[in-house]
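Descriptive analysis of the structure
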Amino acid sequence: MGLDQMDQQATIETERFVLRPMRVSDAGLIQHYASDERVARMTVPIPHPYPPGAAEAYVHRAMHVEQGEFIWAMDGTKDGASELMGVISLKSMDRQQSEVGYWVAPPFWNTGLASMAVEALVAANPLNDATMFASVFQDNPASARVLAHCGFEYLGDAESFSVARNASVPTWTYSRKL
C-alpha cells in the first residue's frame, strides 16, 4: 500500500456529515439497513436475508483493513442526523486505481447524500489514486446519476453477480481520472 492506515482512514468532512472509520457501535444500524431488501438488491455483496452476525463481521473487516478495502460510515451526528446513514468504500486495485462502492439507507434516499459522499471521497483521494472506478446495476439509475454528477464517465456495460438476487445483473461501469 505504501500509506499509513491512519492516513487512509482519516475522517473526511462534508457540509452535512463526516465520513469516518467504522466502529463496533455501527453494527446495529448496519444490520438494520442491510437487512432491507431494497438496499441488498442494489449491491453486489449484501445477501438477503441478511444473516445474524454478518454486520459484526462486516464492521470487524472494515476496522482491520483487509485486502486493501477501506470503508467509511456516513455519520450525520454533526448535523443532528443519524450516526450511520450509509457506507462508502474504496477497494485498492493495481496501478493507482480504486473501485468506489456505496449504499445509502432508505430514509436518506433522494437527499443528495450519496453525491456528497462520493464528491468528498474523490476530493480527499485518500489512496492517492490516478483513477477511480464504479459500477451500478442498470436498474439503479439514481446511482448512475450520482456518478455522472460527480464527474465519472461512462465506460461500458458489463454484469456482476448480486448475492441478494442470486443472479448476474447488467451493470454500467464508470471511471474518473484524478
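Above: the structure in question.
Residues numbered from 1 in each chain as written. Predicted model: local features only at pLDDT ≥ 70, side-chain atom pairs only at ≥ 80, totals over all residues. Heavy atoms only, no water.

On to the layout of surface pockets, then. Of the voids in this model, the largest pocket is the one considered here, and its volume is about 1300 Å³. When residues of the lining of the largest pocket are traced back to their parent elements, those giving at least two are helix H2 (27–34), helix H3 (37–40), helix H4 (54–63), strand S4 (86–92), strand S5 (97–104), helix H5 (113–124), strand S6 (131–137) and helix H6 (141–149). Considering only residue class, the lining of the largest pocket consists of 30 nonpolar, 12 polar and 7 charged. (1 Å grid on protein atoms, 1.4 Å probe; cavity = no way out; pocket = protein on both sides within 12 Å on 5 of 7 lines; lining within 4 Å. Points joined across faces, edges and corners; volume = space filled by probe spheres on them. Helix = DSSP H or I, 4+ residues; strand = E, 2+ residues; numbered from the N terminus. Nonpolar A, V, L, I, M, F, W, Y, C, P; charged D, E, K, R; others polar.)

It is worth spelling out the packing of H2 against H4 at this point. Two numbers describe how H2 lies on H4: the axes approach to 8 Å, and their chain directions differ by 120°. As judged from the angle between their axes, H2 and H4 are oblique. Relative to H4, the crossing made by H2 is right-handed. Here Ala27, Ile30 and Gln31 of H2 lie close against H4, whose contacting residues are Ala55, Glu56, Tyr58 and Val59. Class assignment of the residues belonging to the contact of H2 with H4 gives a composition of 5 nonpolar, 1 polar and 1 charged. (Axes fitted to C-alpha atoms, helices over the stretch in contact; angles between N-to-C directions. Parallel < 35°, antiparallel > 145°, perpendicular 65-115°, else oblique. Left-handed = near helix turned anticlockwise from the far one by under 90°. Contact = heavy atoms within 4.5 Å.)

Tracing the backbone shows Asp26 in the loop between strand S2 (18–21) and H2. Taking relative accessible area as the criterion, Asp26 reaches 1% and is therefore assigned buried. Those residues in contact with Asp26 that sit more than four places away from it in its chain are Arg20, Pro21, Val59, Ala73, Glu83 and Leu84. (Buried < 20%, exposed > 50% of the residue type's maximum accessible area, 1.4 Å probe, protein only.)

Here 8 strands make up an open sheet; going across it, the order is S1-S2-S3-S4-S5-S6-S8-S7 and the pairing mixed. The open sheet has two free edges, formed respectively by strand S1 (12–13) and strand S7 (153–162), since each of these has just one partner strand. In this sheet, S2 lies alongside S1 in antiparallel orientation, the contact comprising 2 bridges. By the bridge assignment, Glu13 is partnered in S2 with Val18. Lying on the sheet, H5 is in contact with S1, S2, strand S3 (69–75), S4, S5, S6 and strand S8 (167–177); it crosses S4 at an angle near 35°. (Pairing = 2+ DSSP bridges.)

For S4, a buried count of 5 out of 7 residues is recorded, marking the element as mostly surrounded by other parts of the structure. Inspection of the sheet shows S3 paired to S4 by 6 bridges, in the antiparallel sense. In the strand pairing of S4, Glu69 is matched with Lys91. Bridging between S4 and S5 involves 7 bridges; their strand directions are antiparallel. Bridged to Leu90 within S5 is Val100. Taking the residues between adjacent antiparallel strands as the criterion, S4 and S5 are bridged by 4 residues, where Arg95 takes a positive phi near 55°.

This part covers the pattern of salt bridges. Per the counting criterion, the structure on display carries 8 salt bridges. With a closest N to O distance of 2.7 Å, Asp26 and Arg20 form a salt bridge. Residue classification places Arg20 among the buried residues on the basis of a relative accessible area of 5%. For Arg20, the salt bridge is made with Asp75, and the minimal N-O distance between the two is 2.6 Å. (Salt bridge = Lys/Arg side-chain N within 4 Å of Asp/Glu carboxyl O.)

Taken across its 7 residues, S3 has 7 buried, putting it largely inside the fold. With burial as the criterion, each face of S3 is covered, one bearing Glu69, Ile71, Ala73 and Asp75 and the other bearing Phe70, Trp72 and Met74.

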